[in-house]
Amino acid sequence: YIVRHSDKIIVPSEYLRNLVSGWGVLSSKVFVIYNSVEISTSRKDKNSLRKELKILPEEKIIISIGRLTKWKGFEAIIDIFPELVKKEPQLKLIIIGDGPEWENLELRINLKVLPSPTADGLGGLGPVGNAELEDYIALLGKMAHEEIFKYLRASDVFILNTGYEGFSHQLVEALGSGIPVITTSAGGNPEVIKDKENGLLVAYNDKNAIKEAIELVLSDVELSAKLSENGIKTAKQFTKKRMLDE
């Protein structure tokens, strides 16, 4: 009722413009103005931040951030992690955020035990033996914005496995932090991420695709550098000046 009786409607993505137009609103009344996103100006380098956050030099960090809800897809990332650790024993997963799924995710992590090496050496984890998954995944809860930027810049891969996004500030913040980004083609994400240019796009909750994307970024140094460089360029477009001018 409100949008139909408005003279102009502003939305933060083409995805939401199409959604609003589907409510019987003239598309000529709907305008897209992307939100501005503040990027940390800290000059601390990655190695300094990793020391500050007590991340070991040999560890490879995957980070995911968001409200802990079903549609944010944290369960799928947790489920594929044992397979990832088989190939990369120094891999760790950091999840930042709070929400109604906290206890479910915590239980999911605590109940999973990584498989022990078999007699013939197949399907085992080598040096990590029968360690518990909680040794490799950290739920850090809600934290201050500047602290989030520290973890972003200290990490190796950012992943957002989400079933819905209008316009994701978190996605742009990750791009601006200079780490490779993997996310879904849901909602407004494809307006920010161009597959294999400034990030990788996968289907929501497609565990195989997510696992393969993570493995690709970790193994392909040239691709990882390309995604990081182009990601920083993309993030610089979402300025406050551009938003206010539009």
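Residues numbered from 1 in each chain as written. Predicted model: local features only at pLDDT ≥ 70, side-chain atom pairs only at ≥ 80, totals over all residues. Heavy atoms only, no water.

Colleague: In this structure, what is going on with the packing of helix α6 (residues 169-176) against helix α9 (residues 221-235)? I would like to understand it.
Modeller: Helix-helix packing is characterised by the crossing angle of the two axes and by the distance between the axes. Close contact between α6 and α9 brings their axes to 7 Å; oriented N to C, the two are set at 125 degrees. By the angle between their axes, α6 is oblique relative to α9. With respect to the hand of their crossing, α6 and α9 are arranged in left-handed fashion. Listed contacts from α9 to Val 172, Leu 175 and Gly 176 of α6 are Gly 231, Ile 232, Thr 234 and Ala 235. Residue composition of the contact of α6 with α9, grouped by class: four nonpolar, three polar and no charged. (Axes fitted to C-alpha atoms, helices over the stretch in contact; angles between N-to-C directions. Helix = DSSP H or I, 4+ residues; strand = E, 2+ residues; numbered from the N terminus. Parallel < 35°, antiparallel > 145°, perpendicular 65-115°, else oblique. Left-handed = near helix turned anticlockwise from the far one by under 90°. Contact = heavy atoms within 4.5 Å. Nonpolar A, V, L, I, M, F, W, Y, C, P; charged D, E, K, R; others polar.)

Colleague: Would you explain the nonpolar core in this entry?
Modeller: Soluble, globular proteins show a tendency: their nonpolar side chains are buried together. In terms of nonpolar packing, the biggest core is built from 36 residues, with Ile 63, Leu 152, Phe 158 and Val 192 touching the most fellow members. Considering every element that reaches this core, the biggest residue donor is helix α5 (residues 145-154), with five residues. Setting aside residues no more than four positions away along its own chain, Ile 63 makes contact with Ile 94, Ile 96, Tyr 151, Leu 152, Ser 155, Val 157, Phe 158, Ile 159 and Ile 179. Core analysis: the next-biggest nonpolar cluster, separate from the first, contains 30 residues, Val 85, Ile 159, Ala 213 and Val 217 among them. (Core = buried A, V, L, I, M, F, W, Y, C linked by side-chain atoms within 4.5 Å. Buried < 20%, exposed > 50% of the residue type's maximum accessible area, 1.4 Å probe, protein only.)

Colleague: Help me understand the confidence of the model for the protein in this model?
Modeller: Segments scoring low in pLDDT should not have their predicted coordinates read at a detailed level. Averaged over all residues, the pLDDT of the protein is 90; the fraction at 70 or higher stands at 92%. Here residues 115-130 is modelled with pLDDT under 50, and outside its nearest four sequence neighbours on either side it reaches 25 contacts, counting other chains as well. (pLDDT = per-residue confidence, 0-100.)

Colleague: Before we go on, may I ask you to explain the sheet that holds strand β8 (residues 200-202) in this structure?
Modeller: Taken together, the six strands give an open sheet; going across it, the order is β5-β4-β3-β6-β7-β8, and neighbouring strands pair in parallel fashion. In this open sheet, the two edge strands, each paired with only one partner strand, are β5 (137-141) and β8. Looking at each pair of strands side by side, their axes are set apart by 20 degrees on average, direction ignored. Bridge analysis of strand β3 (residues 60-65) against strand β4 (residues 91-96) gives six bridges, and the strand direction is parallel. Across the sheet, residue Ile 61 finds its bridge partner in β4, namely Lys 92. On the sheet, helix α3 (residues 74-87) packs against β3, β4, β5 and β6 (157-160) and is oriented at approximately 170 degrees with respect to β4. (Pairing = 2+ DSSP bridges.)

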